[in-house]
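# Survey of secondary and tertiary structure
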Amino acid sequence: MQSVRAYSIYPRGRFAYRAPRRLRLTLFMAKVAINLSTGSLQQEEIIVGIDLGTTNSLVAYIHPDGRQPVAINDQGRGSIVPSVVHFPADGEAPIVGNEAKPYLLTNPENTIYSVKRLLGKNYGDLGGHAAQYGYKIIDDNSEGMVKIRVGDRFYSPIDLSAEILKELRARAEHALKTPVNRAVITVPAYFNDSQRQATRDAGRLAGLDVLRIVNEPTAAALAYGIGLSPDEEKTVAVYDLGGGTFDVSILRIQQGIFEVLSTNGDTYLGGDDMDRLLVEHWTGQLGLASQLGGNIPLQQELRLLAEQAKKHLSQHDDFQDELTGGSALRISKAEFNALIQPLVDRTITSCRQALTDAQLSTADLDAVLLVGGSTRVPLVYESVSTFFGQQANNSLNPDEVVALGAAIQADILAGNRRDVLLLDVTPLTLGIETMGGLMDPIIGRNSKIPTKAGRQYTTSVDGQVNLKISVYQGERDLVRENRKLAEFDLRGIPAMPAGLPKVDVNFILNADGILKVEAIELRSNTRQAVEIKPQNGLTDEQVEQMLMDSLVHAKEDVAARMIIETRTMAEQLIYQVERFVDKNSQYLTEEEIHETAAQVQNLKDVLAANGDKDAIMRTVDTLEELTSPFAERVMNISIKQAMQGKRIE
Ligand code: AMP
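Residues numbered from 1 in each chain as written. Predicted model: local features only at pLDDT ≥ 70, side-chain atom pairs only at ≥ 80, totals over all residues. Heavy atoms only, no water.

### Here's the deal with the overall build of the protein chain
The cut-off we apply is this: Here a strand is any run of E in DSSP of at least two residues, a helix any run of H or I of at least four, and the numbering for each starts at the N terminus. Under the scheme applied here, a residue whose accessible area is under 20% of the maximum for its type counts as buried, over 50% as exposed, and between as partly exposed, the area being computed with a 1.4 Å probe on protein chains only. In short, Shrake-Rupley with a 1.4 Å probe defines the accessible areas, and a residue's cover is counted only from the protein chains shown.
Scanning the protein chain from terminus to terminus reveals 15 helices and 29 strands. By residue count, 54% of the 649 residues in the protein chain fall in the buried class. Looking at the protein chain as shown, the accessible area adds up to about 28200 Å², and 49% of this sits on carbon and sulfur atoms.

### Looking at the pairing of strand S27 (residues 503-509)
Our working definition: Criterion used throughout: strands pair if DSSP finds at least two bridges between them.
Within S27, six of the seven residues are buried, which leaves it mostly tucked inside the rest of the structure. In the sheet, strand S24 (residues 451-459) pairs with S27 via seven bridges, with the strands oriented antiparallel. Residue Lys452 lies in a different strand from S27, and its bridge partner there is Ile508. The sheet contact formed by S27 and strand S28 (residues 515-521) spans seven bridges and is antiparallel. Its bridge partner lying in S28, Asp504 is registered against Ile520.

### Brief notes about the sheet that holds strand S11 (residues 147-150)
In a beta sheet, neighbouring strands pair by backbone hydrogen bonds and run either parallel or antiparallel. Here is the rule: What counts as an axis is a line fitted to C-alpha atoms, over the stretch in contact for a helix, and the angles between N-to-C directions run from 0 to 180 degrees. Contact criterion: two residues are considered in contact whenever any of their non-hydrogen atoms come within 4.5 Å of each other.
With antiparallel pairing, the three strands of this open sheet are ordered in space as S10-S11-S12. Here the strands that pair on one side only, and so sit at the sheet edges, are strand S10 (136-138) and strand S12 (153-155). Recorded for the sheet is a direction-independent mean angle of 40° between the axes of neighbouring strands. Bridge count between S10 and S11: three bridges; the pairing is antiparallel. Bridged to Lys136 within S11 is Arg149. Packing against the sheet, helix H3 (residues 157-176) makes contact with S11 and S12, and its axis sits at approximately 80° to S12.

### Points about helix H5 (residues 216-223)
By the criterion of burial, H5 is predominantly enclosed, with eight of the eight residues buried. Looking at H5, one finds that the buried residues are Glu216, Pro217, Thr218, Ala219, Ala220, Ala221, Leu222 and Ala223.

### Some remarks on the site of the ligand
Cut-off, in case you're wondering: Near is defined per residue: the residue qualifies when any heavy atom it owns lies within 4 Å of the molecule or strand. We call two N or O atoms a polar contact when they sit within 3.5 Å, provided that within protein one can donate a hydrogen and the other can accept it, with sequence-adjacent residues counted only if both atoms are side-chain atoms. Residue ranges for the domains trace back to a domain assignment, done automatically or taken from a database.
Surveying the vicinity of the ligand reveals 16 residues, the closest of which are Asn56, Gly243, Glu307, Lys310 and Ser314. Measuring from an oxygen atom of the ligand, one finds a side-chain N or O atom of Asn56 at 2.8 Å. At 2.9 Å, a backbone N or O of Gly243 approaches an oxygen atom of the ligand. Its free accessible area being 500 Å², the ligand has 87% of it covered by the protein chains. Elements supplying a minimum of two residues to the shell around the ligand: helix H6 (271-286) and helix H8 (296-313). The biggest single contributor to the shell around the ligand is H8, with three residues. Residues lining the shell around the ligand come from more than one domain, with at least three contributed by each of domain 2 (23-224 + 397-418) and domain 3 (271-337).

### What about helix H14 (residues 590-608)?
Threshold: Residue count minus one, scaled by 1.5 Å, sets the expected span of a helix. The arc in question is the one spanned by the directions pointing from the helix axis to the C-beta atoms.
For H14, which comprises 19 residues, the first-to-last C-alpha distance of 27 Å matches the rise-based estimate of 27 Å (1.5 Å per residue) to within 8%. Along H14, the residues classified as buried are Glu592, Thr596, Gln599, Val600, Leu603, Val606 and Leu607. Relative to the axis of H14, the buried residues are bounded by an arc of 120° and lie together on one face. What points out from H14, more than 90 degrees from its buried face, is the exposed set Glu590, Glu591, His594 and Ala608. Looking one or two residues beyond H14, the residue adopting positive phi is Asn610, at roughly 55°.

Here is the structure:
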């Protein structure tokens, strides 16, 4: 049979041909609390809840005395760990948290912040925002995940998030004096599959078995005690204004199930913008604009004073201080409110939209919950309460509320809350094989069933008419380490150029644990389906072993996945550059053509020599730097020609 290839929109992949093997059919169901009966989940082992935030992160657990959630404050350093990672020049281990923060100004190139915004994204997803980061984000001109360049090393957002998680884990272990291996991690409700998977991978790299990824608004509701009793029915709004991001979610809670009815927000709006507006206000008032450029200590001082003033005004009506040079700084609460009013108005517009999308009115809401440090600003609290027509609930610490809710979710998963409904879940991830033998997860481990999930794929070869779908179960990144459940061909796709067919692969897991996999080519409506019944089930011990293996091999697995993705991206670049030069040689000089051919050869050599990820990326970088001006030149020429053409007409 002909080898068939396809790649997914994200992550890009290919179905490498493999000889059909006997189908292994496996049990897809488990109870969340089943591990208690197998003894695999020791009740005394702590499962932490982690809020992996854009600006700040926290870890919480359920205190054994009183069984209340508590944010972990290791060595009196406070519970908040700034989500900042600094790489020292000497190649020493990265520094995370408060100690890393000063380097944002003094050594921005080697200091990574807001990495959550990059998780599970490709360069195109950043939509022009890439340039505003102090560090270097690589445009690899492909659909692969972005990379961050620090010195001559390349890191993925997963690597960097794992550094933050390692720090949180270390703090928890230090404070609780016990190993911490299991966690629940929260993500925004609007995170897509690949962002959720990236968060899971980061947890695994940090040595954590991620029992569940939970939506932040769900965690906030749990922290407020909503959804803990099975007969409760509530509709709530969760308004989350942090340092750099804003989102609002409308949730419906019914029989222990949290449904996100709508979300809205702005991933570039938060307390930092309030600080910036205040800095601009003072800069204008004191005529400091000309002194600011390049004066890092002055910029830093102004920014810190602005944040201090903002926090002070949450309690008082007036703020006064002075700059090191003696210039007096003043701002009243009324002036501050006037400055930030447009920002607050934007958040209210989002709330209105979220309600409209959920087809609800403010009267339908049982509660409005506040999350994020910036909800301490009185104008925010008042505006939100006025808009929703009820007092917003801010009785919990807005910095901690998400982590506290994650800890409650962890406690539920540990089976410590017998009163909470237990739902059937799938104990292992279900997915299909993509490029290079990678596992592309479709239904995540611990998903409640029944459930349905799908992804879209396309071909990578012109005229491809068949697509092989191989279904796997397991937690490892390479399918050869997982269990193959089924394999079938989607045949009869009309011949089209590569990338044009749209193939939806859907997994439908019903309440009896029967998995139906269907593949549909949308343009031609060609379809094929297979049903996999839960026979020859895995024992709990086997499931446990598979989970253990995924943790033990996390590092090598993620490294293997990255090298496969990097190689694929490099191969595609070679293909694109060669095609470009072929088509546009008349616009290039002999020397440019020669130089490009030499660099392409260089990259081919690195690939042939099985170069490591960084070596490939460096060579890709050089080739891109060389060729991107050519692409721009050709683009300009075509625009010019098109315009001339118009004039002639
Ligand atoms: P988060 O991302 O949720 O940790 O929120 C951090 C943001 O909350 C930062 O912009 C802080 O300046 C802001 N913040 C923290 N405390 C206060 C306060 N008392 N008043 C106003 N803003 C605050």
